[in-house]
Amino acid sequence: MNVSMLLEMAAEAGPDREAIRCGAAALSYGELLQVARSAAAVFRDSGARSVAWTGEASVVTAVAFFGAAFAGLPYVPINYRLTESEMLSLLDRLDAPYVFSDRADFVDGRSSHNPQEFLGQLQHIGSADFDAAMTDPESVAVQLFTSGTTGVPKSAVLRNSHLVSYILGSVEFASAGPEQAVLVSVPPYHIAGISALMSATYSMRRIVLLPAFDAAEWLALAENEKVTHAFLVPTMVTRIVDVLRARGAKTASLPHLSSIAYGGGKMPKQSILDALAMFPDAGFTNAYGLTETSSTISVLGPEDHRAALESSDPVARQRLTSVGKPLPGIQIEIRDAAGKRLQPGESGGIFVRGEQVAGEYVEQGSLLDEDQWFYTRDDGFLDEQGFLFLEGRSDDVIVRGGENISPGEVEQVLEEHPGVIEAAVVGIASEQWGEAVAAAVVPATGETVSEESLQAFVRESLRSSRMPEKIVFVDQLPYNETGKLLRREVKRALSDPDATQPCH
Amino acid sequence: MIVLKPGMRLKSAVSDVQVMVVKGSTDNPVALCCGGVPMIDAADASPEASEGAVEGSALMGKRYTNPEQTIELLCTKGGDGELSIDGEALGFREARELPSSD
C-alpha cells in the first residue's frame, strides 16, 4: 500500500465531498484525485526525480503531495522562511527536483513553478492514467529537512510503508461525517502538516487551510467554516487564549469545535490549564511524535486530560504534563546510557519501535538498531500507569561536575511555582563545574518573584545540584514558528554577563 | 491456496471487491475467497463476470480478520461477496476510538 491509495479510497467513497479549502479555492476528493494524477504525469514527463515545495500551504500543496506519491517520487517540503542561499543549499542536495515556489523571481534563475499557474495548467490536461498500485510501498514518499537547531539540517526519509502504517494504525477510514472540518495552520514543511493531509483525507474530514497563522484569523475561520477539529503547536494555543482574553471572553464561543490536538513542542502547564478553561466543551489531545516516526507515537486524550484535571491526587494531576500512552502498534522503552531497560519512574533515553518508525536519514542511512528500535534523542520516563513524560532533548542535558541534569526536571518544578508561567533551563559555562544550571523565567502577570525565592523553591523538591545558579526574568521565551523552544538563544542570553537584571 | 504477505493486493473474481493484506498468514498457505470463489492477484486480468448473485458483501475501509485475528485485510474497494478464509467467514473489526491527533 502507498500514500496515493488513501486518496483513491476517499475519492471512490465520496468524489463530490469537499476535500480541501484555502480561502476561495477548494477541491473535492474527485477533483483532487484527478489533478494529482495529472500532476504525476507532469512530474514524470519533466524528468524530475523529486518534488520540492518551497511555498506556503495552499490547495496545490495537496496536489503536489499526492501527485508525487502517484509518480513514486519523494515529496520534499522546505521552509519558505529560509533565506535564498539557505534554500539553494537545500535544493542542491536534492535529486533533480521539480520546484514549486511562490516567489516571482525565484532564486538564481532556476526554473520553478508557481503553484496557482500549475493548477490552472493541470485542469486543461485532463485525466492521466496513474494507478496507485504502481507505486512501490518501499519507495520514499517524503524527505523532510529537520529544523537543524543543532547544526546543518539532516534530511529524514519516510517511505510509503511508514506513512501508511501510521494512518492505518491511527485513523478509521471515512470515519468523519460531512459536517466535520479540520483547521490546519501548521506549515507544510512540518511533519504535522503532512500527517494532517493524510489523516484528514483517509478519515474524509474536510481540510480548511490557514497558510500563515494569526490567532484572530484562526478564530474567524474556525467560526465561519464551522470547524470541528484543529491541530496547534503550543505557542499557537497560547496566542489564541491571549486574543480571547484581550476581548474579555471567559470562554470561546465556537460551538462546533469539539477537538483540539496540540504538540510539536513543550506545553507549559499553566497554558494548558488556561486553554482547557477557555474551551470547556472541546476535547484536548496532546500528541507526541517526531518526523522520524511518521508523526504521532503517543497521545494524552480528552479523557486523560479530564481525569487529571478533576483528580486531587498529585500524581494523577501531574499527567496533565504527560504526553500520554503509545498508539496501538507502538512500543516505548526507557533505557539508561548503557542500554539497560529502566523501571517506571526512572529517567533515561526514550526508544520507540513500530511499523511507522522510519529512523532513516539520507546522510546516515537507517539508525534503527538490529531489533528495529529507534532512539528518539528525547529523555523522559514512564509512570506506573504507563504515561510517558518528556524531560527534554538528550543534547540539552546539562553536565554539572559529571552529573547529568535534565532541563525538563528543573523546568517542571519552576513551573509549579504560582508566580511562574514558563521556564527554560539551560547549562551555562562554569569554571567550577564545567556547566552550571541557569534559568530564564516568565513571571505570571502582576507577580513579583525573586531569584532567591525561586532558588529556595527548587531546593525544596530537588537536590541542590539542580538549583539554578542564575535566573533571569523575561517577558517571553524564544520559540520558532513551529513551537520549538530555541534553547541556543536562551543560553546565549543567560551567558551574557549583563543579563543578571530582570528585563521586565 | 496462497501465502498472504503484508502489502499484497488481491481482487475478487466475482465482483469489484479489492483487499490489501495488513497482517499476513506467516508461512501458511490459505484459501482466501470472495463470494466463495478464490481471490486473484490485483494485477491479473479479471475473469468474465459469472452468472448468478453472490451472497454477502465487503465494505470499503473496513478491516477484516479471521476469528483468531492472526490475519487482517483492509478492504480498499467495496462490492458483493462475503470474504472468507479456508471456508470461514471474516468479520470486520469495530472502529477504534482514538482521538484525532493531527
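Each chain carries its own residue numbering, running from 1 in the written order of its sequence. Lettering for chains starts from A, numbering for ligands starts from 1, and both go in the order in which the items are written. Side-chain atom pairs in this predicted model are given and counted only at pLDDT of 80 or more, local residue features only at pLDDT of at least 70, and totals for whole chains, interfaces and linings cover all residues.

Participant: Would you take a moment to explain the overall build of chain A for this structure?
Facilitator: Elements are defined by DSSP. Helices are runs of H or I of four residues or more, strands are runs of E of two residues or more, and each kind is numbered from the N terminus. The helix and strand tally for chain A stands at 15 helices and 25 strands. Only C-alpha atoms enter the radius of gyration; for comparison, a globular chain is expected to reach 2.2 Å times N to the power 0.38, where N is the number of residues. Its C-alpha atoms give chain A a radius of gyration of 23 Å, within 12% of the compact-globule value 23 Å for 504 residues. Projected onto its principal axes, the C-alpha positions of chain A cover 70 × 50 × 45 Å. For chain A, the residues scored as buried account for 51% of the 504 residues in total. Within chain A, counting contacts between residues at least 6 apart in sequence, those at least 24 apart form 68% of the total. Counting other C-beta atoms within 10 Å of a residue's C-beta gives its exposure: the residue is buried at 20 or more, exposed at 12 or fewer, and partly exposed in between, where C-beta atoms are placed from the backbone. By the convention adopted here, residues make contact when the C-beta atoms placed from their backbones lie within 7 Å.

Participant: I'm lost on the sheet that holds strand β5 (residues 32-34) of chain B in this one. Help?
Facilitator: Backbone hydrogen bonds hold the strands of a sheet together, and the pairing may be parallel or antiparallel. Pairing in this open sheet of four strands is antiparallel, and the strands run β6-β5-β12-β13 (chain B) from one edge to the other. Strand pairing shows two members of the sheet lacking a second neighbour, β6 (37-38) and β13 (88-89) of chain B, which therefore form its edges. Criterion used throughout: strands pair if DSSP finds at least two bridges between them.

Participant: Help me understand the interface of chain A and chain B in this model?
Facilitator: It is common to give the size of an interface as the accessible area that goes away when the parts come together. Taken together, the contacts link 29 residues of chain A with 17 residues of chain B. Put simply, the parts of the chain that give the side of chain A that touches chain B at least two residues each are α1 (3-13), α6 (160-170), α7 (191-203), β10 (229-232), β11 (259-263), β12 (283-290) and β13 (295-300) of chain A. Only Asp, Glu, Lys and Arg are considered charged, only Ala, Val, Leu, Ile, Met, Phe, Trp, Tyr, Cys and Pro nonpolar, and every remaining residue, Gly among them, polar. Counted by class, the side of chain A that touches chain B contains 16 nonpolar, eleven polar and two charged residues.

Participant: What should I look at first to understand the packing of helix α2 (residues 29-46) of chain A against helix α5 (residues 115-125) of chain A in this one?
Facilitator: Two measures define how a pair of helices packs: the angle their axes make with one another and the distance between the axes. Residues and elements named next belong to chain A. Note on definitions: angles span 0 to 180 degrees between N-to-C directions of axes, and those axes are lines fitted to C-alpha atoms, for helices only across the stretch in contact. Interhelical geometry of α2 versus α5 gives an angle of 95° and a closest axis separation of 9 Å. Overall, the two elements α2 and α5 adopt an arrangement that is roughly perpendicular. Across the interface between the two elements, Val35, Ser38 and Ala39 of α2 pack against Leu119, Leu122, Gln123 and Ile125 of α5. For the contact of α2 with α5, the class distribution of residues is five nonpolar, two polar and no charged. Working rule for angles: under 35 degrees goes down as roughly parallel, over 145 as roughly antiparallel, 65 to 115 as roughly perpendicular, anything else as oblique.

Participant: Please clarify how the confidence of the model for chain A should be interpreted in this entry.
Facilitator: On a range of 0 to 100, pLDDT expresses the predictor's confidence in each residue. Of the residues in chain A, 96% reach a pLDDT of 70 or more, and the chain-wide mean stands at 92. Below a pLDDT of 50 lies the segment residues 500-504 of chain A, which in the model reaches nine contacts outside its immediate sequence neighbourhood of four places, other chains included.

Participant: Help me understand the environment of Asp281 of chain A in this model?
Facilitator: Structurally, Asp281 of chain A can be placed in the loop between α10 (269-278) and β12. Spatially, the C-alpha atoms of Asp281 of chain A and His256 of chain A are 9.4 Å apart, while their sequence positions differ by 25 residues.

Participant: I keep staring at the pairing of β12 of chain A and nothing clicks. Help me out?
Facilitator: As a general feature of sheets, a regular strand has side chains that alternate between the two faces. All names here are of chain A. Where burial is concerned, most of β12 is hidden: seven out of the eight residues are buried. The pairing of β11 with β12 spans five bridges and is classified as parallel. Across the sheet, residue Tyr262 finds its bridge partner in β12, namely Asn286. Here β12 pairs with β13 via five bridges, running antiparallel. Residue pairing for β13: Asn286 is matched across the bridge by Leu300. The loop that links β12 with its antiparallel partner β13 comprises four residues; one of these, Ser294, has a positive phi angle of about 55°.

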